[in-house]
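Coordinate inspection notes
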Amino acid sequence: LRPAQAGGESRIASSVTIYNELLQRYPERVERLYAPLALDTHAEGGLRWFPIAPCRFDGTMLRTFWHGGYFRSAQRYADAPRLGEAEQRLIDAYDGIADEPGIALDMRFEPGDIQLLSNHTVVHARRRYTDHPDPALRRHLLRLWLTVPDRQHGSNRLLRLRDASQIAARLLRERVAQRRHLSVSGRE
């Protein structure tokens, strides 16, 4: 609805391009993308962090769920798995490639602009910004997350159902474990 006084551009990059660049530059790091990292949920849904694999391959398409900053900020929780040196190097490399000229694309939104992205194939971020001192002129961005009905047939649908059920089971286990940890530590 309103842009910031300065900055605040939307930055996007193809997760497939980033993956291919990682494969060329650091092939030994790519396999780690398929193992879970702790993701900071910012306590949404009563869960502080959640383990999720940044990449999945469903047999036909690479699907990405990348939030480098949220992987890093999950470290603030004592019960979250620690990022080792290999994970730190992976996150730094991935985010670094995503920010490179020729890979990253910055877009300044103007009133009425719409940006449609698939979080499975595009990573996105927002550049730092300076807002207007007048509250009536401050940056106002509306964000809507949509889930498109799955029109895949056969094994892809079964793979997604299996993945969704595994994620739901992991979510439940983590919620119980984190609540138990909070009770034992006296924080609840």
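So, here is what we can say about the structure in this document. (Residues numbered from 1 in each chain as written. Predicted model: local features only at pLDDT ≥ 70, side-chain atom pairs only at ≥ 80, totals over all residues. Heavy atoms only, no water.)

**Considerations on the packing of aromatic side chains**
Under the convention used in this document: Put simply, two rings from Phe, Tyr or Trp (the six-membered ring, in Trp's case) pair if the centres are within 6.5 Å, and we call them stacked under 30 degrees between planes, edge-to-face over 60, tilted for the rest. Only protein chains enter the area calculation, which uses a 1.4 Å probe; residues under 20% of their type maximum are buried, those over 50% are exposed, and those in between are partly exposed. Counting as a charge over the ring demands two things of the Lys NZ or Arg CZ atom: a distance within 6 Å of the ring centre and an angle within 35 degrees of the ring normal.
With the rule as written, the count across this model stands at three aromatic pairs. Relative to Phe71, the ring of Trp66 has its centre 5.2 Å away and its plane inclined at 75°; by these criteria the two rings are edge-to-face. No difference in accessibility class separates Trp66 from Phe71, as the two residues are buried. Through a chain of ring-to-ring contacts, three or more aromatic side chains come together here, namely Trp66, Phe71 and Tyr94. Taking the ring centre of Tyr26 as reference, the NZ or CZ of Arg29 above it sits at 4.1 Å.

**Description of the pattern of salt bridges**
Applicable threshold: A carboxyl oxygen of Asp or Glu within 4 Å of a side-chain nitrogen of Lys or Arg is what we treat as a salt bridge. Each helix corresponds to a stretch of at least 4 residues labelled H or I by DSSP, and each strand to a stretch of at least 2 residues labelled E; elements are numbered beginning at the N terminus.
Throughout the structure, instances matching the rule amount to 12 salt bridges. One salt bridge in this structure joins Arg48 and Asp79, with 2.8 Å as the shortest N-O distance. One end of the pair, Arg48, is in the loop between β3 (37-40) and β4 (49-52); the other, Asp79, is in the loop between α3 (68-73) and α4 (85-98), with 31 residues separating them in the sequence. A salt bridge links Arg72 to Asp92, with the shortest nitrogen-to-oxygen separation between them at 2.7 Å. Of this pair, Arg72 sits in helix α3 while Asp92 sits in helix α4, placing them 20 residues apart in sequence. Taking the relative accessible area as the measure of exposure, Arg72 reaches 30% and is therefore partly exposed. Each member of the salt-bridge network shares a partner with another, and the members are Arg11, Asp99 and Asp106.

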